[in-house]
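Breakdown of the fold
As a plain string of letters, each chain reads:
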Amino acid sequence: MPESKVDPAETEMRMAQDLLFFAYRDFTNAADVALAELGLGRAHHRALHFIGRNPGITVSALLAILRITKQSLARVLGTLMEQGYVAQSPGGSDRRQRLLRLSAAGVALDRRLFQRQQERLRPAYREAGDAAVDGFCRVMRGIMDDTARAYIDVHHARGD
């Protein structure tokens, strides 16, 4: 049987895939433990994160960021509002709009989750050094689609 040749580029891509999967697992696990204690999951965390980063965000804008169904978001927001982490108010010019913001409890929870994940990132950034962090950011941006990159550019320009 002929020996199959290993494509070095494919091997490198498989390694990148492994790294992404394991990093995602461990990065999200840092918050998952705290979320589980509250009966919440990753979808709740993503909603908290983006509402916290965008106070007054509309439900439709949040849907566009999260790329989940209205039904899924309704369940997530329902839980977050019932537990007092998210508040909503009608839009100023369009009363049909629902504007979302974190309550004081939501801000505290978002901060707690951020701190847990920051505990994973900070030493990794420190160990890798500035050039590697810059390279990491370039790779992550390269993986994102145009809308995600535009979102990042707007928030980075604002200093968020």
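This text goes with the structure placed above it.
All values derive from a computational prediction rather than experimental measurement.

Cut-offs and rules
Residues numbered from 1 in each chain as written. Predicted model: local features only at pLDDT ≥ 70, side-chain atom pairs only at ≥ 80, totals over all residues. Heavy atoms only, no water. Pairing = 2+ DSSP bridges. Helix = DSSP H or I, 4+ residues; strand = E, 2+ residues; numbered from the N terminus. Contact = heavy atoms within 4.5 Å. Axes fitted to C-alpha atoms, helices over the stretch in contact; angles between N-to-C directions. Expected span 1.5 Å × (residues − 1). Buried < 20%, exposed > 50% of the residue type's maximum accessible area, 1.4 Å probe, protein only. Patch = residues over 30% accessible without salt bridge, like charges linked within 9 Å, V, L, I, M, F, W, Y side chains within 5 Å. Areas by Shrake-Rupley, 256 points an atom, 1.4 Å probe, with all protein chains shown as cover. Salt bridge = Lys/Arg side-chain N within 4 Å of Asp/Glu carboxyl O.

A few words now on the sheet that holds strand β1 (residues 57-58). Strands sit in the order β1-β3-β2 across an open sheet of three strands; the sheet is antiparallel. Across the chains shown, the open sheet's two edge strands, defined by having one partner strand only, are β1 and β2 (86-90). Inspection of the sheet shows β2 paired to strand β3 (residues 98-102) by five bridges, in the antiparallel sense. Residue pairing across strands places Q88 opposite L100, the latter belonging to β3. Along the sheet face, helix α2 (residues 42-53) touches β1, β2 and β3 and points at about 100° away from the line of β3.

So, on to α2. End to end, α2 covers 16 Å across twelve residues, agreeing with the expected 16 Å (1.5 Å per residue, within 8%). For α2, the complete set of buried residues consists of H44, H45, A47, L48, F50 and I51.

With that settled, consider a nonpolar patch on the surface. Together, L20, V139 and I143 line one region of the surface with nonpolar side chains, adding up to about 280 Å² of accessible area. Along the chain, I143 falls in helix α6 (residues 130-143).

Any link to function would need more than the numbers given here.
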